[in-house]
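# Structural overview
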2 protein chains.
Amino acid sequence: MNKQISKRTLSRLPVYLSLLQEKEREGVEYISATTIANLLDLNHVQVRKDLSCASSAGRPKVGYETKVLISDLQNFLDYNNTKNAVIIGAGDLGKALLGYGGFTSYGLNIVAAFDTNPEICGTLIKNKPIYNAEKIEELVKEQNIDIGIITTPAQFAQATCDRLVKGGVKAIWNFAPTSLTVPKHIIVQNENMATSLAVLSNKLNESLKE
Amino acid sequence: MNKQISKRTLSRLPVYLSLLQEKEREGVEYISATTIANLLDLNHVQVRKDLSCASSAGRPKVGYETKVLISDLQNFLDYNNTKNAVIIGAGDLGKALLGYGGFTSYGLNIVAAFDTNPEICGTLIKNKPIYNAEKIEELVKEQNIDIGIITTPAQFAQATCDRLVKGGVKAIWNFAPTSLTVPKHIIVQNENMATSLAVLSNKLNESLKE
DNA sequence: TATTAATTGAAACTTTTTTATCGATAATTT
DNA sequence: AAATTATCGATAAAAAAGTTTCAATTAATA
């Protein structure tokens, strides 16, 4: 239960979690790996294997207790241990992320956003303060921010990233469609629309051929 | 060059493409797999293998001609063959996608958006018409829309999806944090923030431990 | 109480993906 | 002109991920 977890498995855990939460709301008290697998179109052994990383609450003939499994997953994913983040770029995408309530339950606390547009600096958007991008370094240091979320246009992404790194963030979540250069100890996760679109298009083309 | 391509490889191709386009703008005429690999933190053999699916323009000692490789990738990814799409849900995320100019160069043409808010129906946002969600089915049929992009709140996603399917879309790109049930022939690609956040958080935790 | 059925979890096996090795090629240097 | 070097592309090896099989467990049923 405590070895290095594979990235693939890790990616599936939040999917299980969200399904389980849905099921719990519907009043489902116990659920089996087979049921989960069917709902998500996965192999049932894979589901069991994945879940075993985070929980050992399964009982033969019964399955997993929904409530316990949810809590085990939340624990494993460290959703209780909140991390502070800021968003750089209060355009539509930045706003969408600012306004997305769900992050709190994923252990992500978005503290503020930054932008270069003087008209919005100093205002509140979605109840979060917008600061001048000049202050990134200062505020990131001061408020102990772990994660910087980049939603600027591509051409400003690297400069933004450099400021965040100077401020001391440990990880960057990059929504700008460009790749970033960072010191080795900084974690970067790229969110690449083009990538998923490519996968989608390709499946679509394959299916049109048939 | 024409076998079934792996999803992993396919996901990396757009990343290569965007790097190459950047390099081309900087005036780089030739680039080697090793250089690409270093820039993207990948293995050089993997890069060469990936690229070989889409192109065979590599020359020993020289590398790939940037221009040719770009065009081969665009061809392979079918970016020249435009597909029509609509967005359902003109909230911040919907607007962000409406306004993202980049999609055109990925072969995706966003025709319109739909929403339930009567105040914005009939208006233009980012120069695209917003229609009443009642009309999804009708317009999707009429305009020959291939792809439906769902950016509604989670609780409306399934109903939205059903309408799109009735209208005849072939693929769904789902940004709502819920899993959808669709007929077998419909392609669904889920864009799951929680998933990438989980990967990021986990890396962050690992790095904090050390 | 014995039998059956559903389920877990571990182990063995298969497939896919990634990485390493190597010969061939072409530009550059000696 | 020969030697050297950077690179590609193919093949082989290794690692990772996914699937199948099976024994053990426990609730339900006969």
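Residues numbered from 1 in each chain as written. Chains lettered and ligands numbered in written order. Predicted model: local features only at pLDDT ≥ 70, side-chain atom pairs only at ≥ 80, totals over all residues. Heavy atoms only, no water.

### Describing the packing of aromatic side chains
Residue and element names in this part refer to chain A. Considering all chains together, one arrives at twelve aromatic pairs over all chains under this definition. A centroid spacing of 5.8 Å and a plane angle of 45° characterise the contact between Phe 114 and Tyr 131, whose relative ring orientation is tilted. Residue Phe 114 is located in strand S5 (residues 108-115), and its partner Tyr 131 is located in strand S7 (residues 128-132); the two are separated by 17 residues in the primary sequence. Here Phe 114 falls in the buried class, since its relative accessible area comes to 1%. Ring centres of Trp 173 and Phe 175 lie 5.0 Å apart, and the angle between their planes is 55°; this geometry places the pair in the tilted category. (Phe/Tyr/Trp six-rings, centres within 6.5 Å; stacked < 30°, edge-to-face > 60°. Helix = DSSP H or I, 4+ residues; strand = E, 2+ residues; numbered from the N terminus. Buried < 20%, exposed > 50% of the residue type's maximum accessible area, 1.4 Å probe, protein only.)

### Side note on the sheet that holds strand S8 (residues 147-150) of chain A
Judged by pairing direction, the sheet is mixed, and its seven strands sit side by side in the order S6-S7-S5-S4-S8-S9-S10 (chain A) without closing on themselves. Looking along the sheet, the strands with just one partner apiece sit at the ends: strand S6 (124-125) and strand S10 (187-190) of chain A. Relative to S7(A), S6(A) is paired through two bridges, and the arrangement is antiparallel. Note that in S7(A) the partner of Leu124(A) across the bridge is Pro129(A). Relative to S10(A), helix H8 (residues 193-209) of chain B is tilted by about 170°, and along the sheet it contacts strand S4 (83-88), S5, S8, strand S9 (171-174) and S10 of chain A. (Pairing = 2+ DSSP bridges. Contact = heavy atoms within 4.5 Å. Axes fitted to C-alpha atoms, helices over the stretch in contact; angles between N-to-C directions.)

### Concerning the nonpolar core
Formed by 99 residues in total, the largest nonpolar core has its most connected members in Ile149(A) and Ile149(B). Core analysis: the next-biggest nonpolar cluster, separate from the first, contains 19 residues, Val140(B), Ile172(B), Ala176(B) and Val188(B) among them. (Core = buried A, V, L, I, M, F, W, Y, C linked by side-chain atoms within 4.5 Å.)

### Here we look at the pattern of salt bridges
Inspection of the entire model under this criterion finds twelve salt bridges over all chains. Asp92(B) is the partner of Lys126(A) in a salt bridge, and the nearest nitrogen-oxygen pair spans 2.5 Å. With one member in each of two chains, Lys126(A) in the loop between S6 and S7 and Asp92(B) in helix H5 (residues 92-99) form a pair that bridges those chains. Of the residues examined, Asp92(B) reaches a relative accessible area of 16% and is grouped as buried. Residues Glu137(B) and Lys141(B) are paired through a salt bridge, measuring 3.9 Å at the closest nitrogen-oxygen approach. Of this pair, Glu137(B) and Lys141(B) are both found in helix H6 (residues 136-142), four residues apart, which corresponds to roughly one turn of the helix. Glu137(B) gets classed as partly exposed once you look at its relative accessible area, which sits at 30%. Note on Lys141(B): relative accessible area 52%, which makes it exposed. (Salt bridge = Lys/Arg side-chain N within 4 Å of Asp/Glu carboxyl O.)

This is a description of form; function is not addressed.
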